[in-house]
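# Inside the fold
One letter stands for each residue in the lines below.
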Amino acid sequence: MTTSEKKPVEKSESLKQKVTQDSGTVAKPQKVGTDFPIVGIGTSAGGLEALELFLSHVPRDCRMAFVVIQHLLPNHTGNLPEILQRSTIMKVQQVNGLTKVYPDHVYVIPPNRDMIIRDRTLHLLDSTTDHGVRLPINAFLRSLAEERGVQSIGVILSGMGSDGTSGFAAIKEQGGLTLAQEPTSAKYNSMPTSVIDAGLADIVAPAEELPARICNFIGTIASQCRTEQSLFDRGQSNFDQITNLLRTKTKHDFSLYKPASVYRRVERRMQIHKMESIADYTRFLQKNPHEVELLFKELLIGVTNFFRDPNSWEDLSTEALPKVMARYPEGATLRAWSCGCSTGEEAFSLAILFKEALDNIQIPSHFSLQIFATDLDADAIGKARRGIYPASIEANVSPARLKRFFVKNGAQYQVCADIREMIIYALQDVIIDPPFTKLDILICRNVLIYLTADLQKKLLPLFHYSINPGGLLFLGNAETIGSHTDLFSPINIRSKLYLRKNTQYRNDFVSFPTSLTSISSLSLPQESHMQRTADNFQQLADKLVLQHFSAPTVFVNGQGDVVYISGRTGMYLEPAAGKNNVNIFAMVRDGLRYELNKGFNQALQQMEPVTARGVVNGSNDKMLTVDMTFMKIETPGALRGLVMIAFRDVILSAKTRRRRSGAASDSKYVEELEQELQKAKEETRTTREEMQTAHEELKSTNEELQSTNEELQSTNEELTTSKEEMQSMNEELQSVNAEQSLRLSDFMRVHNDMENLLNSTEIATIFLDNHLQVRRFTTGANRLFKLIPGDVGRPLTDIVSNLNYPDLYDHVQDVLRKLISVENQVATLDGRWFLVRIMPYRTLDKMIDGVVITCNDITASRKVEEELLEKIAKLERHI
């Protein structure tokens, strides 16, 4: 990336940053107006345990709404709301239509539906699939980012796959908060690992700790909103010190960023360390070099995706590319530069569009495209070179393009080899490194908006210099060419597509990168004396130039690498085409190269200054004579070992100019040039032969590897298909298992309740099946029937009874046949009395599944009844 496409998020709520370290006690969220946070939670069916842990630790007074997006199979039927309701006091409900979101509620997505949020209302959509893969978490989180902006909060818990990664990217782009479960605590760690590896998780912690982190974040926002004070008022010196520390540690100069962009990220780091003063944080940076590296990473927030702003890319394909290709009716190898490529999606998008444009070309021409993609983030460049992306790119890449230009590898996609071979990736900072030149296409999107206006004014002429006449400049939607209408003409203003005008200007009109920044951008060894050393170097260099020369001067090391430039050198030097190269032998203009090489080598061998003269093509195609003076520096010590080269234009008389023009035919001069040319030809021929041999060997090896790769790819596709099927089944089984465990728990509780109920009534009960075999009996039944646990399954007729009830078996059969209950008072052999009821056994679905016999002891009431009858009889006899 080129200093800024790792974009510091620039939002109006400058103090709304995240707390990403242990934050002590949980801050009570403050209600700001009538607003409240909405948290999107993504998980799979196997993440139920983590989801319950998360909800069970949400504070009672959180005043937040939670939306649960869970991966479920289309035919899944479950009771997730009922399960989650046991873990929280908040109301849990499944969304069944347009649903307004309220605080202290949990909303659950239904199976086989997608869901988005608009105007704080949940909308259900028909489920969409890309190659059989549903990504409902990405869809919701993207809508949440658009709806809530910096107030959007996303959580990823245990789950398989990579759903949620692009949703987190959308939240990060808006400056929202992103949290992921610690992978080691997740049953399935694919989803949390995906967002963490992509660098999109602000907070990583176990599921039960995440609610407290969210509350601390919200509480911090409310507290700071009451005492908001712009960091701009706290002193420019602190900003300068921070950018100096970053420059020394990382070799990248952030002083030319818009200060507001840098301050946003500084505030986030201050939040982490609980620092109120930017001066305190500056001192902390000076004492902790590792924190400087963390701040640098904080500044490098890459937000990109394939075909970002699809309408602009469509205009590039239909309007701009044809204009560029029409300039070469016989075909050509076009050169393109993706300036600030981040993780490579933008460069690959251009390569794909070019391949598609070749299919639509109307003339039989041969075209190829060489893309140079640069970024200052080494990690992003590494990912771009691999060309491997999560399945979430399906949201931005059409199925046809996925099939043609990508290879599916498990849950990921890799850009196919012929597209990857079109791109050369390199680390580069557009502020301090030379640009690529002789370009047909230059893409620099969403970079300039984060740089100062002065630097933008210098970069656009540099871009004009790098692009061939009639070439294309493609900017971001929020960027313009400003006042440089004399350099570029618009193709499509809406899409920010411009053609390079064939404007004539002096060579020194362009400010090359080494002169865009001060000498303070050089890396110096002593961090504690960084600013003083940088100032001394510049002062010494400028003083040395004034002592000896007043002309444009270049300082180079012993290998010819440019260290410092004083004055305008565009007339004598130009950036080399191709890969970044700041070596003076590659940058020197034709006509000076031979003499400069000769004079430089002489200067290294002697202490006296060396002078050489050459001729370059000046303005208006006039030949310009240039004197070059070379001097090896011994003092001062800070500059020892460098070579100072001064350029001075020579004004010759008419007679001398005629003599100089004739000198081109001087035999000695020509002989030296011919010898140099012959030597270069021999070296080129030898190198070409070696490369041809190596190419043939590589070609043979590549064919063998390609054959093996096709076989492995076929096997891998079969395994991937099986893996996806097993993964879906496994998640479904996990969900079913969780529900069954809950039902088993409910059943055991009901079973214990019934057991205690039956035992407390002291009513002897026997359950018989349809074959009149003992199915179950209560504790008191073994006192009337000779029953032991081993009698379960035996016929009733085999059981000895104390009841004087010879018709018992016949009555049981009648009840089972007629479904009419029977009730009798029966005496036992020891004189006790029981009320025996025989009833059909009915299931919940009204099916008959046996007989129930209950025996209620009525001995006491029977005696009372007999005593009353006896008294009544005595009374009647007396009367």
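Parameters and conventions
Residues numbered from 1 in each chain as written. Predicted model: local features only at pLDDT ≥ 70, side-chain atom pairs only at ≥ 80, totals over all residues. Heavy atoms only, no water. Helix = DSSP H or I, 4+ residues; strand = E, 2+ residues; numbered from the N terminus. Buried < 20%, exposed > 50% of the residue type's maximum accessible area, 1.4 Å probe, protein only. Lys, Arg positive; Asp, Glu negative; His and termini not counted. Salt bridge = Lys/Arg side-chain N within 4 Å of Asp/Glu carboxyl O. Contact = heavy atoms within 4.5 Å. Patch = residues over 30% accessible without salt bridge, like charges linked within 9 Å, V, L, I, M, F, W, Y side chains within 5 Å. Areas by Shrake-Rupley, 256 points an atom, 1.4 Å probe, with all protein chains shown as cover. pLDDT = per-residue confidence, 0-100. Pairing = 2+ DSSP bridges. Core = buried A, V, L, I, M, F, W, Y, C linked by side-chain atoms within 4.5 Å. Axes fitted to C-alpha atoms, helices over the stretch in contact; angles between N-to-C directions.

Looking now at the side chain of D769. Structurally, D769 is set in the loop between β26 (764-768) and β27 (774-777). Put simply, D769 is tucked away with no salt bridge, and the nearest opposite charge, on R775, sits 5.4 Å away. Dropping the residues within four chain positions of it, D769 is found in contact with R775, D849, G850 and V851.

Turning to a nonpolar patch on the surface, a few remarks are in order. A cluster of nonpolar side chains, contributed by L744, F747 and M748, occupies part of the molecular surface with about 310 Å² of accessible area. Mapped onto the fold, M748 is located in helix α22 (residues 667-761).

Averaged over all residues, the pLDDT of the chain equals 78, while 81% of them reach at least 70. In the model of the chain, helix α17 (residues 513-516) stands out as the element of lowest mean pLDDT, 48, in contrast to strand β5 (residues 105-108), which has the highest, 93. Contacts of residues 223-235 to residues separated by more than four positions or lying in other chains number 19 contacts, the stretch itself having pLDDT below 50. A low-confidence stretch, residues 514-535 stays under pLDDT 50, and its non-local contacts, those more than four residues away or across chains, total 37 contacts.

Relative to the assigned elements, K496 resides in the loop between β19 (488-492) and β20 (497-500). Distance in space between the C-alpha atoms of K496 and G476 is 6.5 Å, their sequence separation being 20 residues. If we skip the residues at most four places from it in the chain, K496 touches L473, F474, L475, G476, N477, A478, E479 and T480.

Time to look at the pairing of strand β6 (residues 113-118). Where β6 meets strand β7 (residues 121-126), 6 bridges bridge the pair, whose relative direction is antiparallel. Note that in β7 the partner of I117 across the bridge is L122.

Moving on, we get to the pattern of salt bridges. Tallied over the full model, the rule gives 20 salt bridges. Between D746 and R86 there is a salt bridge, with the nearest N and O atoms lying 3.5 Å from each other. Of this pair, D746 sits in helix α22 while R86 sits in the loop between α2 (80-85) and β3 (91-94), and the two are 660 residues apart along the sequence. Between R118 and E146 there is a salt bridge whose closest N-O contact spans 3.2 Å. One end of the pair, R118, is in strand β6; the other, E146, is in helix α3 (residues 136-148), with 28 residues separating them in the sequence. What makes R118 partly exposed here is its relative accessible area of 34%. Looking at E146, the relative accessible area reads 58%, which means it is exposed. Through salt bridges with shared partners, a single network forms among R86, D746 and R749.

Counting 46 residues, the largest nonpolar core has L316, L350, F406, I419, I423 and Y425 as the members making the most contacts within it. It is helix α12 (residues 345-360) that contributes the most residues to this core, 8 residues altogether. The contacts of Y425, once residues within four sequence positions are left out, are C341, G344, A347, F348, A373, I381, A384 and R385. In this structure, L48, L51, I153 and A205 belong to the second largest nonpolar core, which totals 33 residues.

This part takes up the sheet that holds strand β14 (residues 406-409). Across the sheet, which stays open at both edges, the 3 strands sit in the order β13-β15-β14 with antiparallel pairing between neighbours. The two strands at the open ends of the sheet, each matched to only one other strand, are β13 (388-390) and β14. Between one strand and the next, the sheet's axes are offset by a mean angle of 30 degrees, whatever the strand orientation.

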